[in-house]
Amino acid sequence: MQLPVVAISPASLASADGGEPGGPVRVMLLGVRVTAYAVINAAEHRRREMAGMGAVVNPGLLDRLMDLPTGISVTDPVVWAEMADQPCGVIERHEDGARVTRRLESPLTITDVVVDGVSGKELRAVQDASLFAGFTRRWISVMAGRIPDAAVLEAKLCGVGIVDAGVVDQGRGQLLAAEKPEGLARDGWSWLLEEKAYRGWLSRRAGNREKESPARATDGASEAGAG
């Protein structure tokens, strides 16, 4: 099916919402290699830099932190004990043995993910992009030319956009608009996706020298196990 070209793409949307654009980052999320577009939380990024921290990729830790408010002291002796080995940049444990204050926030917001639509596998790319339905806006990139009708129909049904791979990074080349996600999931796993995208951004920013948080905050997560 031949689709008309219109002048907008994920690249031109990456700096929305007034944050610092993180630019496209190639990263493995949910077992799928994607290009993620994100807006950096500049304040959190600066805070982590000052604390000597990078990405935190322990899903269990992130899920536990989701239960706590940010920057507000709460009394919870159980959490106080559980977080004994975490750095103060993640959570502050007060001297009374009961109160804790969560310091860690999400480092960025993922605005779009783009899955490569290899020729002959466009339908599979749409299905892979659909895995992110509860997290962000989804796209597949295809080479200019005819796109299988089945892939276009599936993309329309799933709200997945289609963009021309040849011009996606020039802010143009959208062939089919992606729908805005509804009922966004917000849990430890969605936070993990953001941390992994942040890790990729840090790696690219540092010239492929990846910087992570201390092992205490990263133990238990892997590319295979965490998506």
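Residues numbered from 1 in each chain as written. Predicted model: local features only at pLDDT ≥ 70, side-chain atom pairs only at ≥ 80, totals over all residues. Heavy atoms only, no water.

Notes on the nonpolar core
For step 1, the next point in the chain: Residues Val 34, Leu 65, Ile 91, Ile 140 and Ile 162 are the most contacted members of the largest nonpolar core, which totals 47 residues.
For step 2, the next point in the chain: Broken down by element, this core gets its largest block of residues, 7 residues, from helix α6 (residues 188-205).
For step 3, the next point in the chain: Judged by nonpolar contacts, the second largest core, of 5 residues, contains Val 114, Trp 139, Val 163 and Ala 178. (Core = buried A, V, L, I, M, F, W, Y, C linked by side-chain atoms within 4.5 Å. Buried < 20%, exposed > 50% of the residue type's maximum accessible area, 1.4 Å probe, protein only. Helix = DSSP H or I, 4+ residues; strand = E, 2+ residues; numbered from the N terminus.)

Looking at the pattern of salt bridges
For step 1, the next point in the chain: If you walk through the whole model with that rule in mind, you get 12 salt bridges.
For step 2, the next point in the chain: Asp 67 is paired through a salt bridge with Arg 64; the nearest N and O atoms lie 3.6 Å apart.
For step 3, the next point in the chain: The exposure class assigned to Asp 67 is exposed, which follows from its relative accessible area of 56%.
For step 4, the next point in the chain: For Arg 64, a relative accessible area of 27% translates into the label partly exposed.
For step 5, the next point in the chain: The residue Asp 112 makes a salt bridge to Arg 137 at a minimum N-O spacing of 2.7 Å. A residue pair is termed long-range when its members are at least 10 positions apart, and Asp 112 in strand β6 (residues 108-116) and Arg 137 in strand β7 (residues 137-142) qualify at 25 residues.
For step 6, the next point in the chain: Each of Glu 44, Arg 47, Arg 48 and Glu 195 takes part in salt bridges that share partners, so that together they form one network. (Salt bridge = Lys/Arg side-chain N within 4 Å of Asp/Glu carboxyl O.)

Points about the sheet that holds strand β4 (residues 91-93)
For step 1, the next point in the chain: In spatial order, the strands read β3-β5-β4; together these 3 strands make up an open sheet with antiparallel pairing. Each of the sheet's edge strands pairs with one partner strand only, and the pair in question is β3 (73-75) and β4. Averaged over neighbouring strand pairs, the angle between their axes works out to 30° when direction is ignored.
For step 2, the next point in the chain: As defined by bridge partners, β4 adjoins strand β5 (residues 99-102) across 3 bridges and the pair is classed as antiparallel. (Pairing = 2+ DSSP bridges. Axes fitted to C-alpha atoms, helices over the stretch in contact; angles between N-to-C directions.)

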